[in-house]
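# Structural overview
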Amino acid sequence: MGEGIKARTKRGSIGSQWWSRRFIDLVESFADTGRLQRGRTYARKGNVFDLKVAPYEVSAKVHGSAPEPYEVALGIEAIDADGWRAVEAELASRAVFRARLLAGEMPPEIEWVFAELGLALFPDSAADLHLMCDCPDWGDPCKHAAAVLYLLAEAFDADPFLILQWNGRGREQLLAALRRGTETEPDPFEMEDEPLTASGFWTPPSGLGRLRDRPPAPPVPPGFVLQVATPPPIRIRRRPLTDVLAPVYESLAPDPDM
């Protein structure tokens, strides 16, 4: 035992980027603390191996007390083909998102794009995360599944596109769709060559009529930055700083009726 994948973090929380912390915060919100602690120990000892991220399911093997390793699978609800087409069209239509994704970056605001379309990039609750292990422990998660969850978070740190892979869209497939969107998107400043006539001298060229009107982006909800940013380890009168700042963001939000 011990020849498997070892967690890079030797103590404290596992997961350093905003996307992996979002995932681990969800897991730690519903899982048994004792099993999570034992899962972290397994992850740090190298008991997990054969970790594979596939569309809608992560699989791995975990050495435990039995002679043979346990089989673990982590499943999530599928984003169907229509959902992914909507996501790709929306990301391709936003130059900043498209540029950052093509550069290999995962912008925090991408989670809001999924939410606008009624889709979830991360499991919303324990019911959306299906944990399976063939060990005799009926815990949810058992320590073997917990170890895989923690190592999956570290894999997300190294390659955020694995989150999209788990949701059903591989990195190359997504980037190819974004590149196609760039190639097929009409140039809004392209105008047809037309002879200048007296009747049309004081009228705008007809090509300007084909400028694509982009619908305004929906407003970002108040305090969204508090949801996507890593919360600072600061407490005010025993309350997390984000809880203290949330009402301030709400009060600064523009009145939709004005």
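Refer to the structure above for everything that follows.
The present account deals with the structure reproduced in this document. Residue positions are given per chain, counting from 1 as you read along its sequence in written order. Where totals are concerned, whole chains, interfaces and linings use all residues; where local detail is concerned, this predicted model gives features only for residues with pLDDT of at least 70, and gives and counts side-chain atom pairs only at 80 or more. Derived side-chain values reflect all non-hydrogen atoms in the structure, with water molecules and hydrogen atoms excluded from consideration.

## Comments concerning the packing of aromatic side chains
- Aromatic pairs are defined between Phe, Tyr and Trp rings, using the six-membered ring for Trp, whenever the two ring centres lie within 6.5 Å; interplanar angles under 30 degrees are classed as stacked, those over 60 as edge-to-face, and all others as tilted. Evaluated as defined, the whole model comprises 6 aromatic pairs.
- Between F23 and W166, the aromatic rings sit 5.7 Å apart at their centres with planes inclined by 85°, giving edge-to-face as the arrangement. With F23 in helix α1 (residues 18–30) and W166 in helix α7 (residues 161–166), the pair connects residues that are 143 residues apart, well separated along the chain. With respect to burial, F23 and W166 carry one shared label: buried.
- Taking the ring centre of F161 as reference, the NZ or CZ of R171 above it sits at 4.3 Å. Numbered from the N terminus, helices here are DSSP runs of H or I no shorter than four residues, and strands are runs of E no shorter than two. Partly exposed describes any residue whose relative accessible area lies between the buried limit of under 20% and the exposed limit of over 50%, with all areas from a 1.4 Å probe on protein chains only and scaled to the type maximum. Distance and angle both matter: a charge sits over a ring if NZ of Lys or CZ of Arg is within 6 Å of the ring centre and within 35 degrees of the ring normal.

## A word on helix α6 (residues 143–158)
- Working rule for helices: expected span equals 1.5 Å times residues minus one. For α6, built from 16 residues, the straight-helix expectation of 22 Å at 1.5 Å per residue is met to within 8% by its first-to-last C-alpha distance of 23 Å.
- Within α6, 14 of the 16 residues are buried, which leaves it mostly tucked inside the rest of the structure.

## Remarks on helix α4 (residues 95–102)
- Buried residues of α4: F97, R98 and L101, and no others. In a view along the axis of α4, the buried residues occupy a sector of 100°, so they form one face of it.
- A positive phi of about 85° marks G104, the residue just after α4. Each C-beta atom gives one direction from the helix axis, and the arc is the one those directions make.

## A word on the packing of α1 against α6
- The contact between α1 and α6 brings their axes to 8 Å, and the two run at 165°. Comparing their axes, α6 and α1 come out roughly antiparallel. Of the two elements, α1 crosses α6, and the hand of that crossing is right-handed. Two secondary-structure elements touch here, α1 through W19, S20, F23, I24, V27 and E28 and α6 through L149, Y150, L152, A153, F156 and D157.
- Taken together, the residues of the contact of α1 with α6 break down into 9 nonpolar, 1 polar and 2 charged. Axis lines are fitted to C-alpha atoms, over the contacting stretch for helices. Their N-to-C directions set the angle, which ranges from 0 to 180 degrees. Our angle categories are set so that under 35 degrees counts as roughly parallel, over 145 as roughly antiparallel, 65 to 115 as roughly perpendicular, and the remainder as oblique. Put simply, a crossing is left-handed when the front helix is turned counterclockwise from the back one by less than a right angle, and right-handed when it is turned clockwise. Whether two residues are in contact is decided by their heavy atoms, any of which lying within 4.5 Å being enough. Under the scheme applied here, ten amino acids are nonpolar (Ala, Val, Leu, Ile, Met, Phe, Trp, Tyr, Cys and Pro), four are charged (Asp, Glu, Lys and Arg), and all others, including Gly, are polar.

## Digging into the pairing of strand β2 (residues 57–62)
- The side-chain alternation of β2 yields one buried face, formed by V58, A60 and V62, and one unburied face, formed by E57, S59 and K61.
- If DSSP finds at least two bridges between two strands, the strands pair. Relative to β2, strand β1 (residues 48–54) runs antiparallel, the two being bridged by 5 bridges. When the sheet's bridge partners are listed, A54 is paired in β2 with E57.
- The loop that links β1 with its antiparallel partner β2 comprises 2 residues; one of these, Y56, has a positive phi angle of about 75°.

## Looking at the sheet that holds β1
- Taken in spatial order, the 4 strands of this open sheet run β1-β2-β3-β4, and their pairing is antiparallel. Because the sheet does not close on itself, it has two edges, and the strands there are β1 and β4 (129–133). The mean inter-strand angle of the sheet, taken between neighbouring strand axes irrespective of direction, is 10°.
- When strand β3 (residues 70–76) meets β4, the two strands line up antiparallel, connected through 5 bridges. In the strand pairing of β4, G75 is matched with H130.

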